[in-house]
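# Descriptive analysis of the structure
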Amino acid sequence: MKKCFKTLLYSLALISLFASCSDDDNDNKGVESGDVQMLTFGFYAADNDGVIQGDYEVSAIVGTDIKIPMPDEINRASLVARFTTSDGATVTVNGITQVSGVTANNYSVPVDYLVTSGNNNARYTVRITKMPTWSAYSTFTEDSISDIVLRVNPKTYEPYVAIIKARKEADEKKVAVLKTTGSAWSYVGDKDGISDGRATALAFNFDADANMYVAYSDYSADVAQDMTAQMYNGSSWSVLGAKGLTGDKTNYITIGALSPADVVTTFGVNNKKSDDYKKLMVSGYNGNWSSPLLMAGRPADAPAWFNIIKRYGDALYLGTFDMVTSGGYSIYKYQNKQWSTIGQIIVPSGAAICYRGGEIHFDLDKSGNIYALVSDDGPDGQGNYKVSVQKYNVNTKKWSMVDNYLDTGGKVPGSMDIGISPEGLPVVVFVNSSKQASVITFDNESKQWSDPFVLGSATVSYVAIEFDQNGTGYIVCLDSQKDLIMYKYIIPE
């Protein structure tokens, strides 16, 4: 695995599984007994001169599994730990007495600390985990924003963000597209907006040749909230077909393209009087839009919400939340101008999908495996909703959960997203209970999810993530001031 740059140090609250009491059997790894405890633990620059430049500590030890994130470039072969214990306890590692701030150990592998007091003992396992390497990249403050969709240009690898302007006047709530190369932001097209008026339900994507496409509910169409789609060919935006291509109100819009001659959009009909209300409708463009049709293979009475499209090679993948009893998630594939069904994502038997977490997010790795970020109330079905990542193996054609449920603070976040790094690892960003952007990464070595990593102190309401194929990733957040904050992740050569 490639080495990551060292970034800003953040204070992390690392929470582990609580372990019950036991006797002094040394084979019972990770077991506390009596009142003997490890109270604090950390690695400090003052004790490791020339090895680490900052302090890495556990703010609170809960349970007996101590995980400390540190940058990859730190040599872990001989680090000195500083710790405190309950009164009168002694500490050993492999039978060797440990002196806080003095004794060095090799932390390239997990290290077991035995804390002993009389006939009581507790075994703690210390693991150094990979520190996330996201850092602040750029902030856009020129205009207030209400909606954002992040995509990375497949040719230049630059981040682009489609937005809806948050203006007081309804007609000024227009679609615009931004790009950035650090501190310099610029508009792609008219800075006042590329839609003729108010827009909602924003969708945004690239095709393989870096042509851009947007689609949105258009309040300036003949039928207000009908869908309009536009394409940017490198020099200007133009409407695909005509404004208001469905003849009805629309929401839950997506757009994807393999080429300018092969564009597709999906949407929900937002007219309660229509027989197609909230159903998953599809239409294709090749000079003209085809008549919208119900997605093939779906039950006629199955509403679909929160749709999203991702491109992989010469195919498009669509994810949707099935708003039916107990909920569900479905994935579809578009290739050679035909739709096919990948299948419904499997959740634990008897579990219900969380309505709030119904907004499915997914991404694909280089092998075409699908990773979907979903939520359910677990196998007990007791309403305690949790977030998980479900993987579709393209070879076995089966779904399975990646490790276990994620630590998102005990509830389903109001906003979350998933991306697959060029290393093939799923990375989840979400808004935590303190309304801060947090990141959880899957560690391919430990086969476990990392502890949540807070990106910054800003209060945010929305997050999104995208990676390019060169090893760079981007996270965008919409903060409480309606400004856009972007973080960047780099895997160096």
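Residues numbered from 1 in each chain as written. Predicted model: local features only at pLDDT ≥ 70, side-chain atom pairs only at ≥ 80, totals over all residues. Heavy atoms only, no water.

Another aspect to go through is the sheet that holds strand E4 (residues 79-85). Spatial ordering of the open sheet is given by E2-E1-E4-E7, a layout of 4 strands whose pairing is antiparallel. Where the open sheet ends on each side, the last strands, each with one partner, are strand E2 (56-58) and strand E7 (104-105). Two strands pair when backbone bridges link them, and E4 and E7 are joined in this way by 2 bridges, in the antiparallel orientation. Within the sheet, the bridge partner assigned to Leu79 lies in E7 and is Asn105. (Pairing = 2+ DSSP bridges. Helix = DSSP H or I, 4+ residues; strand = E, 2+ residues; numbered from the N terminus.)

With that settled, the discussion passes to the pattern of salt bridges. Opposite charge on two side chains permits pairing when their charged atoms draw close. This structure, assessed with the given rule, holds 14 salt bridges. Across the salt bridge formed by Arg167 and Asp143, the nearest N and O atoms sit 2.8 Å from each other. A residue pair is termed long-range when its members are at least 10 positions apart, and Arg167 in the loop between strand E12 (159-165) and strand E13 (175-180) and Asp143 in the loop between strand E10 (135-140) and strand E11 (145-152) qualify at 24 residues. What makes Arg167 partly exposed here is its relative accessible area of 27%. Look at the salt bridges and you will find they share partners, linking Asp143, Lys165, Arg167 and Glu172 into a network. (Salt bridge = Lys/Arg side-chain N within 4 Å of Asp/Glu carboxyl O. Buried < 20%, exposed > 50% of the residue type's maximum accessible area, 1.4 Å probe, protein only.)

Attention now moves to the packing of aromatic side chains. One pass over the full model with this rule turns up 24 aromatic pairs. Residues Tyr252 and Trp305 carry aromatic rings whose centres are separated by 5.6 Å and whose planes lie at 20° to one another, so their mutual orientation is stacked. Taken together, the residues span a long stretch of sequence, with Tyr252 in strand E19 (residues 250-259) and Trp305 in strand E23 (residues 304-312) at a distance of 53 residues. On the basis of relative accessibility, which here comes to 13%, the residue Trp305 falls in the buried class. One aromatic cluster is present, formed by Phe41, Phe43, Phe83, Tyr107 and Tyr113 through successive ring pairs. Taking NZ or CZ as reference, Lys310 lies 5.9 Å from the ring centre of Phe362, over its face. The ring centre of Tyr405 lies 4.9 Å from the NZ or CZ of Lys386, which sits over that ring. (Phe/Tyr/Trp six-rings, centres within 6.5 Å; stacked < 30°, edge-to-face > 60°. Lys NZ or Arg CZ within 6 Å of the ring centre and 35° of its normal.)

One non-glycine residue, Ala201, adopts positive backbone phi at about 55°. Even without being a glycine, Asp403 presents a positive backbone phi close to 55°. Relative to the helices and strands, Asp403 is located in the loop between strand E30 (398-401) and strand E31 (416-420).

For the rest of this paragraph, the subject is the sheet that holds strand E21 (residues 280-285). Read from one edge to the other, the open sheet built from 4 strands follows the order E19-E20-E21-E22, with strand pairing classed as antiparallel. The outermost strands of the open sheet, each flanked by one partner alone, are E19 and strand E22 (293-294). For E19 and strand E20 (residues 262-269), the ladder comprises 7 bridges, and the chain directions are antiparallel. By the bridge assignment, Ala257 is partnered in E20 with Val263.

Let us now look at the pairing of strand E28 (residues 370-376). Where burial is concerned, most of E28 is hidden: 7 out of the 7 residues are buried. Two strands pair when backbone bridges link them, and strand E27 (residues 361-364) and E28 are joined in this way by 4 bridges, in the antiparallel orientation. Bridge pairing links His361 to Leu373 in E28. Count of turn residues in the E27/E28 antiparallel hairpin: 5 residues, of which Gly368 carries a positive phi of about 90°.

Looking now at the side chain of Asp248. In this structure, Asp248 sits in the loop between strand E18 (237-239) and E19. Despite being buried, Asp248 has no salt bridge partner; Lys249 is the closest side chain of opposite charge, sitting 7.1 Å away. (Lys, Arg positive; Asp, Glu negative; His and termini not counted.)

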